[in-house]
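Here are the chains, one letter per residue:
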Amino acid sequence: MAKNTKKEPLFRMSKRGEVMPGWKAWGTRFIGFLLSLVVSAVVIFAITGLNPIEVFAKMGEGAFGSAKKSWVTVRDAMTMLCIAVGLAPAFKMRFWNIGAEGQILVGGLASAACMIYLKSLPGLVLIIVMMITSLIAGGLWGLLPAVFKAKWNTNETLFTLMMNYIAIQLTSFFVAQWENPPGSNSVGVINGRTGNQGWLPNLFSSGFNKDFGWNVIIVLAVTLFMYLYLNKSKHGYEISVIGDSQRTARYAGIRVNYAFVRTMVLSGAICGLAGFVAVSGSSHTISTSTAGGRGFTAIIVAWLAQFNSIVMIIFSFLLVVLQKGAQQIATSFGLNKYISEMITGIILFFLLGSEFFVNYKLRFRGRKEK
């Protein structure tokens, strides 16, 4: 008989049979973050010759260097968090909602339309109407791909992605209708000279933070709601089962198609609410850049947090700090934006890579499993 000379592979990869303990999982992620800083430092020194410690300090200064910068960071982190929270139920169900950009835009459009056409309403009533219409608009934008998925099993990734472009063109159309001043190709600040109707009211009497206090309260309330919904409710349990296996869910009597529709309406509605927060509580205007790519970045936030809305707070701040820091070092050291974005990319690469070691294990040649 011929002797089997085939060697065992150097290592084997397999999915973990048991969930890694929480402390060990977070330790793995922290090690990945530290390694990303080391690699970033090497890249910084090799390309620019700058002291990496000074560069990292400037990144922190870009996010928290003054009271104004700190509150802008908080404001942007809250918007990012709201979008990530909206994506969480869909992604946990393995319904790939790539349409958050469009859902944000239609929610912002609904809010802007209320500010323009219903500005005679009392302030509080107008704010409530804006919130409701943004939720409805975003929910309807999420409903359409869910219905097609449930009825005809269409590809939700392509469907939701294409709807982003429809929302962008819809926004362009209304921006042209609402131009102020005419010919500017911009809506400008809405109601800025007529009493700020539709703007979220000041939470504090003075200081830069007075403009963004309600952003924090609204988004944190939505975050808490989503945590309880996904972890303590029957619907949240059904989402988890469907995410693990649609066959198992159907065998257990769960109406999977109905869950698709219900969950995507919720997902789109919260992303639409993020459009309200951006328009009413931040920019006070609407444009095709209102979403600003955050609908895609929020996917990273949701995935890193493993769809835990409370943990998303940490990663929302982390990504916003990285973005602000990248802008700061590009300005302070005269670097082009590609080098600063490279640092952000390295850190995200290691953070996402650490998830591999959380979910999979490597067994090297000659080492027997216990």
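Everything that follows concerns the structure shown earlier in this document.
Residues numbered from 1 in each chain as written. Predicted model: local features only at pLDDT ≥ 70, side-chain atom pairs only at ≥ 80, totals over all residues. Heavy atoms only, no water.

K.L.:
Is there a simple way to think about the overall build of the protein in this case?
P.N.:
When helices and strands are counted, the protein shows 13 helices and two strands. Once the C-alpha set of the protein is aligned to its principal axes, its extents read approximately 90 × 60 × 35 Å. Across the protein, the fraction of contacts at a sequence separation of at least 24, relative to all contacts at a separation of at least 6, is 76%. Working note: accessible area of the protein is about 19,200 Å², and carbon and sulfur atoms make up 64% of it. Averaging the locations of the 34 positively and 14 negatively charged side chains of the protein gives two centres separated by 7 Å. (Helix = DSSP H or I, 4+ residues; strand = E, 2+ residues; numbered from the N terminus. Contact = heavy atoms within 4.5 Å. Areas by Shrake-Rupley, 256 points an atom, 1.4 Å probe, with all protein chains shown as cover. Lys, Arg positive; Asp, Glu negative; His and termini not counted. Charge placed at Lys NZ, Arg CZ, Asp CG, Glu CD.)

K.L.:
So what exactly am I meant to see when it comes to a nonpolar patch on the surface here?
P.N.:
There is a patch of nonpolar side chains on the surface, built from Leu124, Ile128, Ile132, Ile136 and Leu140 and spanning about 490 Å² of accessible area. By secondary structure assignment, the location of isoleucine 132 is in helix 5 (residues 123–152). Isoleucine 132 gets classed as partly exposed once you look at its relative accessible area, which sits at 44%. (Patch = residues over 30% accessible without salt bridge, like charges linked within 9 Å, V, L, I, M, F, W, Y side chains within 5 Å. Salt bridge = Lys/Arg side-chain N within 4 Å of Asp/Glu carboxyl O. Buried < 20%, exposed > 50% of the residue type's maximum accessible area, 1.4 Å probe, protein only.)

K.L.:
Would you mind showing me how to read the layout of surface pockets here?
P.N.:
Counted as a void, the largest pocket has a volume near 890 Å³. Forming the walls of the largest pocket are 29 residues, and the residues nearest its centre are Val19, Arg29, Gln306, Val358 and Asn359. Going through the elements one at a time, helix 1 (22–48), helix 7 (213–232), helix 8 (234–244), helix 11 (294–304) and helix 13 (337–359) are the ones with two or more residues in the lining of the largest pocket. Considering each element in turn, the lining of the largest pocket owes the most residues, five residues, to helix 13. (1 Å grid on protein atoms, 1.4 Å probe; cavity = no way out; pocket = protein on both sides within 12 Å on 5 of 7 lines; lining within 4 Å. Points joined across faces, edges and corners; volume = space filled by probe spheres on them.)

Note that all results are geometric; they support no functional claim without further evidence.
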